[in-house]
Amino acid sequence: MSNRGNIIVISAPSGSGKTSLTNRVLKEVSGLEFSVSHTTRKPRRGERDGAEYSFVSEKEFQEMVRRDSFLEYAQVHGNLYGTSQAFVDAQLAAGNDVILEIDVQGAMKIKEKNPQAVLIFVLPPSLEVLEARLKGRGSDDESVIDRRLQIAKEELKYYRNYQYVIINREIEESLGKLKSIIIAARCGLRRQTEQAEEIIKTFKGS
Ligand code: 5GP
């Protein structure tokens, strides 16, 4: 069906501010749904099952892998994360766009399977800002933060594989850019063909 929604992939190292950005865009743009990933990671303070993630055991996760329930899955920072195929399919079929907040490995798998997906990389303005944000979160200890910074350095290199890059200096500015990308994708030929053909039909015979 031509007017199916778009998959919007957002990747960024932890602490880049992508979660605040995603939450804001979900509130402000209609027809946009967040794909709640499954993970074997333990919930952080304030995280609720079914909201930020569906928290599952390793056994449950592997069972879902066996049943082919994931559109993509990957191991990140020692934990497993996966995107529900059924949820994404249902939203796209309903004409909604779906935001996947996933790592670079997952993003590359989505790009392979679905070349029409819109890939956005959110970059922190500097290493100092990233470190300060990770420490300010207060939910991970020093060794976890160090590991995340190391991983961030590696992940940043992948920005070249994305269509769009947002340098997150200031949330309002970044939000404007993110909304523009999502709305521009909705104006793409594939999404508009059905309606455009309907309009053209009304001209026939006139
Ligand atoms: P965190 O544990 O800090 O919430 O997330 C760690 C990393 O896992 C982030 O880069 C996040 O985008 C990524 N992630 C979250 N859900 C998924 C998923 O379903 N698939 C993949 N590949 N990565 C995910």
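Refer to the structure presented above.
Residue positions within a chain follow its written sequence, with the count starting from 1. Under the rules for a predicted model, residues below a pLDDT of 70 receive no local features and side-chain atom pairs below 80 are neither given nor counted, while totals for whole chains, interfaces and linings still include all residues. Each side-chain value is worked out from all heavy atoms of the structure, with water and hydrogens disregarded.

Some thoughts on the nonpolar core
To be explicit about the condition: Among buried residues, those of type Ala, Val, Leu, Ile, Met, Phe, Trp, Tyr and Cys that are joined through side-chain atoms within 4.5 Å constitute a nonpolar core. Between buried and exposed lies partly exposed: a residue is buried under 20% and exposed over 50% of the maximum accessible area for its type, with that area taken using a 1.4 Å probe on protein chains only. Note on conventions: DSSP H or I runs of at least 4 residues are helices, E runs of at least 2 residues are strands, and numbering of each starts at the N terminus. Residue contacts are counted whenever heavy atoms from the two residues lie within 4.5 Å of one another.
By size, the foremost hydrophobic cluster in this structure holds 17 residues, and its most contacted members are I8, V25, I120 and L178. For this core, the elements supplying multiple residues, two or more each, are β1 (7–11), α1 (18–28), β8 (118–123) and α7 (171–186). Looking at this core, the element that brings in the most residues is α7, giving five residues. Contact partners of I8, with chain neighbours within four places excluded, come to D97, V98, I99, L100, V118, I120 and I182. Listed in part, the 16 residues of the second largest apolar core include L71, L100, A117 and F121.

Points about the site of the ligand
Threshold: Whether a residue is near a molecule or strand depends on its heavy atoms: if one lies within 4 Å, it is near. What qualifies as a polar contact is a pair of N or O atoms within 3.5 Å, subject to a donor-acceptor requirement within protein and to the restriction that residues adjacent in sequence count only when both atoms come from side chains. Note on areas: Shrake-Rupley, 1.4 Å probe, and residue coverage restricted to the protein chains presented here. By the convention adopted, Pro, Cys, Tyr, Trp, Phe, Met, Ile, Leu, Val and Ala count as nonpolar, Lys, Arg, Asp and Glu as charged, and the other residues, Gly among them, as polar.
Surveying the vicinity of the ligand reveals 18 residues, the closest of which are S37, R41, Y53, E72 and Y81. In the environment of the ligand, an oxygen atom lies 3.0 Å from a nitrogen or oxygen atom belonging to the side chain of R44. Within the complex, the protein chains bury 95% of what would otherwise be the 510 Å² of accessible surface of the ligand. Contributing elements (two or more residues each) for the shell around the ligand: β5 (70–76) and β6 (79–84). Within the shell around the ligand, the residues separate by chemical class into six nonpolar, five polar and seven charged.

Here we look at the pairing of β1
Taken residue by residue, a regular strand's side chains alternate between the two faces of the sheet. Rules: Pairs of strands are assigned from DSSP output, requiring at least two bridges between the strands.
Here β1 lies mainly inside the structure; five of its five residues are buried. On β1, burial covers both faces: I7, V9 and S11 on one face and I8 and I10 on the other are all buried. Looking at chain direction, β1 and strand β7 (residues 97–101) are connected through four bridges and run parallel. Across the sheet, the residue bridging to I8 is I99, located in β7.

Some details on the packing of α1 against α7
The line we're drawing: Here the axes come from fitting lines to C-alpha atoms, over the contacting stretch only for helices, and the angles between their N-to-C directions go from 0 to 180 degrees. For classification, angles of less than 35 degrees are called roughly parallel, those exceeding 145 degrees roughly antiparallel, those between 65 and 115 degrees roughly perpendicular, and all remaining angles oblique. Left-handed is the label given to a crossing in which the near helix is rotated counterclockwise from the far helix by less than a right angle, and right-handed is the label when the rotation is clockwise.
It is at 10 Å that the axes of α1 and α7 come closest, and there the two elements cross at 55°. Between α1 and α7, the angle is such that the two are oblique. Of the two possible hands of crossing, α1 and α7 adopt the one that is right-handed. Side by side, α1 and α7 meet where S20, L21, R24, V25 and E28 of the first sit next to I171, E172, S174, L175, L178, K179 and I182 of the second. Here the residues of the contact of α1 with α7 sort into six nonpolar, two polar and four charged.

Topic: the packing of aromatic side chains
Keep this limit in mind: Two rings from Phe, Tyr or Trp (for Trp, the six-membered ring) form a pair when their centres are within 6.5 Å of each other. A pair whose planes differ by under 30 degrees is stacked, one over 60 is edge-to-face, and the rest are tilted. Both a distance and an angle decide whether a charge sits over a ring: NZ of Lys or CZ of Arg must be within 6 Å of the ring centre and within 35 degrees of the ring normal.
Inspection of the entire model under this criterion finds six aromatic pairs. Taken together, the ring pairs in this structure connect Y53, F55 and Y81 into an aromatic cluster. Note that K109 overlies the ring of Y73, its terminal NZ or CZ placed 5.4 Å from the centroid.

Here we look at unusual backbone geometry
Within the chain, D68 stands out as a residue other than glycine whose phi angle is a positive 65°. Under the relative-accessibility criterion, D68 is labelled exposed at 62%. Look at H77: it is not a glycine, yet its phi comes out positive at around 50°. Position of H77 relative to the elements: it lies in the loop between β5 and β6. For H77, a relative accessible area of 16% puts it in the buried group.

Topic: the pattern of salt bridges
Stated precisely, the cut-off is as follows: Between Lys or Arg on one side and Asp or Glu on the other, a salt bridge is scored when a side-chain nitrogen of the former is within 4 Å of a carboxyl oxygen of the latter.
For the structure on display, the rule yields 13 salt bridges. The closest approach of N and O atoms between R24 and E28, which form a salt bridge, is 3.0 Å. With R24 and E28 both in helix α1, this residue pair falls four residues apart, about one helical turn. Classification of R24 as partly exposed rests on a relative accessible area of 24%.

What about the sheet that holds strand β3 (residues 37–39)?
Spatially, the four strands line up as an open sheet ordered β4-β3-β6-β5, and their pairing is mixed. Pairing within the sheet leaves two strands with one partner each, and these edge strands are β4 (53–55) and β5. Strand-to-strand twist across the sheet, computed as the mean angle between neighbouring axes with direction ignored, equals 25°. As paired elements, β3 and β4 share three bridges and run parallel to each other. Within β4, the position partnered with S37 by the bridge is Y53.

Shape descriptors only; they carry no functional weight alone.
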